[in-house]
Amino acid sequence: MNDTALQALLLAIVLLPAVGSVAALLPAPPGLRGSSPEQAVLRHGVTVTGTVLALAVALAAGFDHDHPSRMQATTDVSWIAALDIRVHLGVDGISLPLLVLTALLTFLCALYTYFRMPQGPGPRAFVALLLLLETGMLGTFVALDLIVFFLAFEIVLIPMYFLVARWGGEHREAAANRFILYTLLGSAVMLLGLLLVGVRAGTFDMVALADQHGAGLSHGVQVIAVLAIGLGLAVKAPMWPLHSWLPDAHTAAPTVGSVLLAGVLLKMGTYGFVRIVLPVAPEGARTLAPYLAAFAVVGILYGSLACLSMVTGVGAADPTGATVDLKRLIAYSSVGHMGFVLLGVATLTPTGVNGALFANIAHGLITGLLFFLVGALKERYGSTDLNQIAAGAGAALYGKAPRLGGLLAFAAVASLGLPGLAGFWGEMLALFGAYQPAAGLSRPAYLVFMALAGVGTLLTAAYLLLVVRRVCMGEHPAPAERAAFADIQAHEYAAWSPLVVLTVVAGLWPAVLLSLSDPAVQNLLGGSR
Amino acid sequence: MTSLVQSVDWVAVAPVLVTALTGLAVLVTDLFLAPRHKPLLGWVTIAGLALAALCLIPLTDGDRATFCLTTGDRQCSYVADHFALAVQLLVVGGALLTALLSVTTVRREALPAGEYWFLLLSSAAGAALLPASRDLATLIVALEVASLPAFALVGLRRGDRGSAEAALKFFLSSVVATAVSLLGVSFVYAATGSLHLDTVAGGLDDVDPRLNALAALGVVLTLVGFAFKLAAVPFHFWVPDSYVGAPLPVAAYLSVVGKSAGFSGLALVTVVAFRPYADTWGPALAVLAALTMTTGNVAALRQRPDQPASAVRLLAWSSVGQAGYLLVPLAAAGYHDDPEEMVGATVAYALMYAVVNLGAFAVVALVAENRPGHRLTDHRALFSRNPLAALTMGFFLLCLAGLPPGVIGLFAKVAVFRTAVDSGLGWLAVVMAVNVTIALYYYLKWTALLFATPTTATPTTTPAARATATTAPAAPTPGTATPGAPGQATAPTATGSTVAGSTATAAREPSVPASVPHPLTAAIALAAALGVALSGAPQLILRLASGTLF
């Protein structure tokens, strides 16, 4: 496909959800009314996100896979000449997988919502917000101008705030406020860092900045810029100790909110590290990388220990003590998984960064699936409290709903990094990277980090297997109880199977992703050695 | 020998002149007009302001000047450069929107029509003259012409003690500030021997060393009067009471046009006249900016949403916070090699602020049509009553906050941030970043309130409601509900009387306001259209932020 067609495709992918978002607020035109206004607008959401997914797949097919390090489908027009801000969009091997993942997860969420609208106000605003959210997420991954990146980064906040605050569960207002305050403070500081880079380097263009590899930025400026930008990204990622908004937001968010939060929004933070911090300010990144790695490892251990204590009831990770919210558990496990991603980034080696990008995608697929499954449990039990679901010997999901139980076990072992599934490669490569960090970084320190992260994988396996045991096993249920309990429904199959298939594919054939990201990563890190 | 008679370029002064003459015409016409025809005066005012705005068009080259000395270096007292034109556009446009807002208020509150419109136009004429003035005497006169009618406007509500008290407070403190300014001007004149800004700049360059302290003191004192108009801390205390005591459109006017008089005067005085003393006023303005934004935002954050007039109070305090942002580029000018380049960011920010703040005031006025308390809680669930008004209000608030989809608000802030980063004022940029976050919080709470679920139509099955029912048997009554907890406020556990009361309130109110006054709708539509257009093409005003305006 030629570049003009690709460019049109990319523009359509970003703009279509924005247009669809406005359209969702308007009354449906004749002929598209459906059986009710609610049904029509939900269908509208599915149609738009489905079209975006189709376009994203077409873009991936038309992408020149021989040159994944080259920016493709680029648009570059001046927007605000006064501030030298350009609408510069494009994809390369790093952003393409994230773009497709975003389109896929949003489509699955829209599909899921079509059948299971969360409790709260009507679906019209829900669909409009979901589509606005998609615009921001897609925009973040294709923006090649620092300020446009920031704009897209911010666009997601308002829709996510309202998704949590309006359609969420218990304590949703407090959780939404916390989410938005943390991220806003982070992004205000990030904006200062971006401006510092732009003013000192004379351009906001990420491609030009990456080509300069930090030339023209003094060491001090680079360190400050990395600190400021990194802070904003670290809140989003989230990096320990800035993670505390995440468990609350996940617990309160509706299912699709959790899926997108974990599946896409967290990735925007780590993507920013790879796309902006490493190439634009390599010296600053090298100075601060060991600290990032240390925080990442603490995050890995903290996340897994928090989960373990929640599952086993040791300690009091949850202040009320009595409940073990599965969503909160997965949120903490996300802190751990994102710790691996950050550790991979902090090695500053192609191996580690590739691992980080791979783990990004894998975490998006697997955690998205996990949140869907917990949402399904909530529908069936009316609660996400592990102690309530698995009262007594266990919930015996294998007996009541063998397919659902099997799928939960599958997602859990994928999450703990079983070889052959997607979760394995990213974390392994991140650890490999830490074994041989980039020149100039202290190897002994990174070896310690690697060892500690390795302990973290064991802890992760422990708590996930404990969850599987408590939820899936138990006394054999009576036939009546079995009959009353719904196994996986058709719409759940539709929403979940793509994630399952991709988890297996990425696990068995990691080269699909690595061949895309590796040349682009080499290119971004090129000047730093 | 050349003639000492100055020639006058009437086209250059037309925007100011048309405004002032319309004011006089309105005042005279009022005498001969039967009471039932008085509303006509409002439309004359609007037409006059529109004409004044049109008078800006022939000046767009920005190269006209008049009232020039015919001898010496031919200094001019009135210059219609791009800076003056941009601020005049702000003033005239802001006054126009205010006039649209006022049409209903004047009729409903039975304000004296002739006086009201005359005062509004006079004040606007002064504010429009100010950015074009290029000597200290004209500056002070323009400042007074802009201020004096404003006191009367604040106190125009007959028989309202709060209004009169607010006006008196405003008047006394303002007069003191102006007197201090005048003292400063006289010191500067003593040190330099001139009132023309450019000559003052030249004179300050080589001040007699013995007069150094006098000149520096004069520079600082001169700033006071303008800082007062801008409502910079510590000259801000008149703001909340004046805003609440004044009729709503006057509060809107003060927050936009009043501020423009302050910042344009400050910009002229600092960047043009007192440039050699940048190391004196630069740090002073930086500290002033930091204090102003922090005080304003923290006070806005502390507003209780159920208090009377809390919406106006919040806008008043947030306008103090916004004044702090306006000061940042001016402070940055004190640190930059090319100070004139910085001022554009202030003007661009002020233009954005004018549009969205007037829009926000307009929606507050619209809500007050049904619920006249000006409370924040009156805005609860506006979306379910009037979706369009709620959406525009949400847009205005997000613009003020600087969060997408309020793109123009974000980029105006980016322009301001850039000046601070560019001139090495890192600490001020960080203070501003913290403040922006604080402001985001209260703007966002207000936005969330607009889209909250209505108090009466409560689904009893939401988990939050159930949780509240079990944990809090005595749920807060809607009157004391905070915007952060609509889940609690909507809990069906409120006592029977409260439920009955709120149902009765809801029953009294039509779901859509019975008749929204057309001028109000026009004002909201105009502001919203401008805001959306600017969000799509921020270059329209941000081009002011690149290069010099002088």
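Residues numbered from 1 in each chain as written. Chains lettered and ligands numbered in written order. Predicted model: local features only at pLDDT ≥ 70, side-chain atom pairs only at ≥ 80, totals over all residues. Heavy atoms only, no water.

K.L.:
Teacher, can you tell me more about empty space enclosed by the protein here?
P.N.:
One way to see where empty space is left: roll a probe the size of a water molecule over the atoms. All names here are of chain A. Taken as a whole and assessed by the stated rule, the structure comprises 9 cavities of 30 Å³ or more. Quantified by volume, the largest cavity comes out at close to 130 Å³. As for the largest cavity, its lining consists of 14 residues, of which Leu329, Ile330, Leu370, Leu464 and Val467 are closest to the centre. Of all the secondary structure elements, the ones that give two or more residues to the lining of the largest cavity are helix H13 (326-346), helix H14 (350-381), helix H17 (402-415) and helix H19 (443-472). Examining the composition of the lining of the largest cavity, we find that 5 residues originate from one element, H19, more than from any other. Counted by class, the lining of the largest cavity contains 13 nonpolar, 1 polar and no charged residues. (1 Å grid on protein atoms, 1.4 Å probe; cavity = no way out; pocket = protein on both sides within 12 Å on 5 of 7 lines; lining within 4 Å. Points joined across faces, edges and corners; volume = space filled by probe spheres on them. Helix = DSSP H or I, 4+ residues; strand = E, 2+ residues; numbered from the N terminus. Nonpolar A, V, L, I, M, F, W, Y, C, P; charged D, E, K, R; others polar.)

K.L.:
Teacher, can you tell me more about helix H18 (residues 422-435) of chain A here?
P.N.:
When you tally the buried positions in H18 of chain A, you get 10 out of 14 residues, the bulk of the element. Listed as buried for H18 of chain A are Ala422, Gly423, Phe424, Gly426, Glu427, Leu429, Ala430, Leu431, Gly433 and Ala434 of chain A. (Buried < 20%, exposed > 50% of the residue type's maximum accessible area, 1.4 Å probe, protein only.)

K.L.:
I would appreciate a short explanation of a negative patch on the surface in the present structure.
P.N.:
Residue and element names in this part refer to chain B. Taken together, the side chains of Asp337, Asp338, Glu341 and Asp422 make up a negatively charged region of the molecular surface. With respect to the helices and strands, the residue Glu341 is situated in helix H13 (residues 340-370). Using a relative accessible area of 30% as the deciding quantity, one classes Glu341 as partly exposed. (Patch = residues over 30% accessible without salt bridge, like charges linked within 9 Å, V, L, I, M, F, W, Y side chains within 5 Å. Areas by Shrake-Rupley, 256 points an atom, 1.4 Å probe, with all protein chains shown as cover. Salt bridge = Lys/Arg side-chain N within 4 Å of Asp/Glu carboxyl O. Lys, Arg positive; Asp, Glu negative; His and termini not counted. Charge placed at Lys NZ, Arg CZ, Asp CG, Glu CD.)

K.L.:
Sorry if this is basic, but what is going on with the interface of chain A and chain B here?
P.N.:
Where interface size is quoted, it is often the accessible area lost as the parts come together. Opposite the 33 residues of chain A that make contact, chain B presents 42 residues. Carbon and sulfur atoms make up 78% of the surface buried where chain A meets chain B, a total of about 3,400 Å² over both sides. Among the residues chain A hides against chain B, the three largest losses belong to Ala82, Leu83 and Leu192 of chain A. Together they make up 16% of the total. Here chain A is connected to chain B by 0 salt bridges. At the surface where chain A touches chain B, the tally comes to 3 residue pairs in polar contact (both at pLDDT 80 or more). Of all the secondary-structure elements, those providing two or more residues to the side of chain A that touches chain B are strand S1 (72-80), helix H5 (146-155), helix H6 (157-167) and helix H7 (172-201) of chain A. Considering each element in turn, the side of chain A that touches chain B owes the most residues, 14 residues, to H7 of chain A. For the side of chain A that touches chain B, the per-class residue count stands at 25 nonpolar, 2 polar and 6 charged. (Contact = heavy atoms within 4.5 Å. Buried area = accessible area lost by both parts, 1.4 Å probe. Polar contact = N/O pair within 3.5 Å; in protein donor to acceptor, adjacent residues only side chain to side chain.)

K.L.:
Would you mind going over the pattern of salt bridges with me for this structure?
P.N.:
Opposite charge on two side chains permits them to pair, given that their charged atoms come into close proximity. Residues and elements named next belong to chain A. Inspection of the entire model under this criterion finds 17 salt bridges over all chains. Arg86 is the partner of Asp76 in a salt bridge, and the nearest nitrogen-oxygen pair spans 2.8 Å. Here Asp76, found in strand S1, pairs with Arg86, found in strand S2 (residues 85-91); they are 10 residues apart in sequence, far enough to count as distant. For Asp76, a relative accessible area of 38% corresponds to the partly exposed category. Residue Arg86 is classed as partly exposed on the basis of its relative accessible area, which comes to 28%.

K.L.:
Any chance you could explain the confidence of the model for chain B here in plain terms?
P.N.:
When pLDDT is low, close inspection of the predicted coordinates is not appropriate. All names here are of chain B. Put simply, chain B has an average pLDDT of 83, and 89% of its residues get 70 or more. Across chain B, the secondary-structure element scoring lowest on mean pLDDT is helix H19 (residues 486-489), at 38, and the one scoring highest is helix H4 (residues 113-129), at 94. In the predicted structure, residues 457-513 sits below a pLDDT of 50 and forms 57 contacts with residues beyond four places in sequence or in another chain. (pLDDT = per-residue confidence, 0-100.)

K.L.:
Quick question: what am I supposed to make of the state of the cysteines here?
P.N.:
Working definition: the covalent bond between the sulfur atoms of two cysteines is a disulfide. All names here are of chain B. Inspection of every chain in the model, using the stated rule, returns 1 disulfide over all chains. One disulfide bridge connects Cys68 with Cys76, the sulfur atoms lying 1.9 Å from each other. Where Cys68 bonds to Cys76 through sulfur, the torsion about that S-S bond is close to 95°, and the disulfide is right-handed. (Disulfide = S-S within 2.5 Å.)

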